[in-house]
Amino acid sequence: MSDTGPVLFFDSGLGGLTVLREARYLLPYEQFLYVADDAAFPIGRWQETELKARLLTLFDDLIARHAPKAVVIACNTAFTLAGEALREAHPGLPFVGTVPAIKPAAERTSSGLISVLATPGTVRRTYTKSLIDSFAGKCHVRLVGSDALAELAERHLRGDRVADEELLAEISDCFLEQDGLRTDIVVLACTHYPFLANRFRKIAPWPVDWLDPAEAIARQLVRVLGEGAATQPSQGPDRAVFTSNPKEAALIRLLAGFGLALV
Ligand code: DGL
């Protein structure tokens, strides 16, 4: 592990910021670099072969350029597809991943009815199916793939109006009633969705636990860094790199609110 490089956070857009904000609480002195492959957004719609190839090439470049001490793939869609290949391609570099929180949901549910709200890509993954087989054999797990929610989350975050009806259309399949039992946990298996959790709570047909794994991912990063975690404040602001090279003032302000300078 290099001692000096930043911790590189990756997502296709703004979703990984839900994980970064938790990491900041636990690692106040760490230098973070936030990378968004927004030129490819939303990646939940991409075919697996093309997306995997894109991610591997992009990471070769990012790692050569920034020499991170650790990488957090703050994106279910990317990690469930390419996590293993990225680790193999960069031995010695710690990767912290994001996967649908099916195991904690299965441990916590009372009704045994769990829904996993994710991108269409994450819902299709073999990785997701194997998590269900390994950890939720006794539960009824409903996979709900949303084509639109990641974009709606970005619109919401940028201050655009997003109607309740648009959100309800995307989440209503999560709510299942069966033999007098109801879904009691919805796993937020896309890092964009926690930005909408308060909206979801208000429009849900009944109260459920919306499971956001961000804090658990941040804790895993702390474990992985171990003694390598920074103990002195870092120099200068944390930086953000967006692959489409955007210049909008609104985005620059939004990122500044997350403590990031767009470069
Ligand atoms: N934030 C990403 C995830 O956790 C997906 C967003 C996208 O479709 O690009 O899966």
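Here, every reference points to the structure presented above.
Keep in mind that what you see is a predicted model, and the values were worked out from it rather than measured. (Residues numbered from 1 in each chain as written. Predicted model: local features only at pLDDT ≥ 70, side-chain atom pairs only at ≥ 80, totals over all residues. Heavy atoms only, no water.)

**Description of unusual backbone geometry**
Here the amide bond leading from Phe41 into Pro42 is cis, since omega sits at 0°, within 30 degrees of zero. Positionally, Pro42 belongs in the loop between β2 (32-36) and α2 (48-66). The phi torsion at Asp179 lies on the positive side, around 50°, for a residue other than glycine. Mapped onto the elements, Asp179 comes out in the loop between β7 (177-178) and β8 (181-182). (Helix = DSSP H or I, 4+ residues; strand = E, 2+ residues; numbered from the N terminus.)

**A look at the pairing of strand β3 (residues 70-73)**
Along a regular strand, successive side chains alternate from one face of the sheet to the other. Burial along β3 is two-sided: Ala70 and Val72 and Val71 and Ile73, pointing in opposite directions, are all buried. Inspection of the sheet shows strand β1 (residues 7-11) paired to β3 by 4 bridges, in the parallel sense. In the sheet register, Leu8 faces β3, and the bridge partner there is Val71. One ladder, built from 2 bridges, connects β3 with strand β4 (residues 95-96); its direction is parallel. Counted as the bridge partner of Val71 is Phe95 from β4. For the segment spanning β3, helix α3 (residues 76-89) and β4, crossover handedness is right-handed. (Buried < 20%, exposed > 50% of the residue type's maximum accessible area, 1.4 Å probe, protein only. Pairing = 2+ DSSP bridges. Right-handed = clockwise from strand over helix to strand, strands pointing away.)

**Description of helix α11 (residues 249-257)**
Where α11 is concerned, the buried positions are Leu251, Leu254 and Leu255. Each buried residue of α11 lies within a common arc of 95° when the element is viewed along its axis, so the set occupies one face. Turned more than 90 degrees off the buried face of α11, the exposed positions are Arg253 and Gly257. Residues of α11 that are buried in the fold lie against α1 (17-26), α7 (149-157), β11 (238-242) and β12 (260-262). Positive phi appears at Gly259, one or two residues downstream of α11, with a value of about 75°. (Arc of directions from axis to C-beta. Contact = heavy atoms within 4.5 Å.)

**Thoughts on the pattern of salt bridges**
All told, the structure shown has 15 salt bridges when counted by the stated rule. Here Asp164 makes a salt bridge to Arg199, at a shortest N to O gap of 2.9 Å. Highlighted residues: Asp164 in helix α8 (residues 164-171) and Arg199 in helix α9 (residues 197-203), separated in sequence by 35 residues. Several salt bridges converge on common partners, so that one network encompasses Arg45, Asp147 and Glu151. (Salt bridge = Lys/Arg side-chain N within 4 Å of Asp/Glu carboxyl O.)

**Thoughts on the nonpolar core**
Ranked by size, the top nonpolar core spans 28 residues in total, and within it Phe9, Leu17, Tyr34 and Leu221 carry the most contacts. Only β1, α1, β2, β3, α10 (214-225), β11 and α11 provide two or more residues apiece to this core. It is α10 that contributes the most residues to this core, 5 residues altogether. When neighbours within four sequence positions are excluded, Phe9 is seen to be in contact with Gly16, Val19, Leu20, Ala23, Phe32, Leu33, Tyr34, Val35, Val72, Ala74 and Leu221. With 23 residues, the next largest nonpolar core counts Val144, Ala150, Val186 and Ile203 among its residues. (Core = buried A, V, L, I, M, F, W, Y, C linked by side-chain atoms within 4.5 Å.)

**So, the packing of aromatic side chains**
With the rule as written, the count across this model stands at 9 aromatic pairs. On the basis of an interplanar angle of 40° and a centroid distance of 6.4 Å, the ring pair of Tyr34 and Phe242 is categorised as tilted. One end of the pair, Tyr34, is in strand β2; the other, Phe242, is in strand β11, with 208 residues separating them in the sequence. Judged by its relative accessible area of 0%, Tyr34 falls in the buried class. Phe242 sits in the buried class, given a relative accessible area of 5%. Pairwise contacts between aromatic rings join Phe175, Phe200, Trp206 and Trp210 into one cluster. (Phe/Tyr/Trp six-rings, centres within 6.5 Å; stacked < 30°, edge-to-face > 60°.)

**Considerations on the sheet that holds strand β6 (residues 140-145)**
The 4 strands lie next to each other as β6-β5-β9-β10, forming an open sheet whose pairing is parallel. On the outer flanks of this sheet lie β6 and β10 (209-211), each paired with one strand and no other. If you compare each strand with its neighbour and ignore which way they point, the axes differ by 20° on average. Relative to strand β9 (residues 185-188), strand β5 (residues 113-118) runs parallel, the two being bridged by 4 bridges. Bridging across to β9, Ile114 finds its partner in Ile185. (Axes fitted to C-alpha atoms, helices over the stretch in contact; angles between N-to-C directions.)

**A word on the site of the ligand**
With respect to spatial proximity, 14 residues lie near the ligand, and among them Ser12, Ile43, Thr77, Thr191 and His192 are the closest. In this structure, an oxygen atom belonging to the ligand sits 2.7 Å away from a main-chain N or O atom of Ile43. One of the backbone nitrogen or oxygen atoms of Gly44 is found 2.9 Å away from an oxygen atom of the ligand. Here the ligand, which alone exposes 300 Å², has 99% of that area covered by the protein. Taken together, the residues of the shell around the ligand sort by class into 6 nonpolar, 7 polar and 1 charged. (Near = heavy atom within 4 Å. Polar contact = N/O pair within 3.5 Å; in protein donor to acceptor, adjacent residues only side chain to side chain. Areas by Shrake-Rupley, 256 points an atom, 1.4 Å probe, with all protein chains shown as cover. Nonpolar A, V, L, I, M, F, W, Y, C, P; charged D, E, K, R; others polar.)

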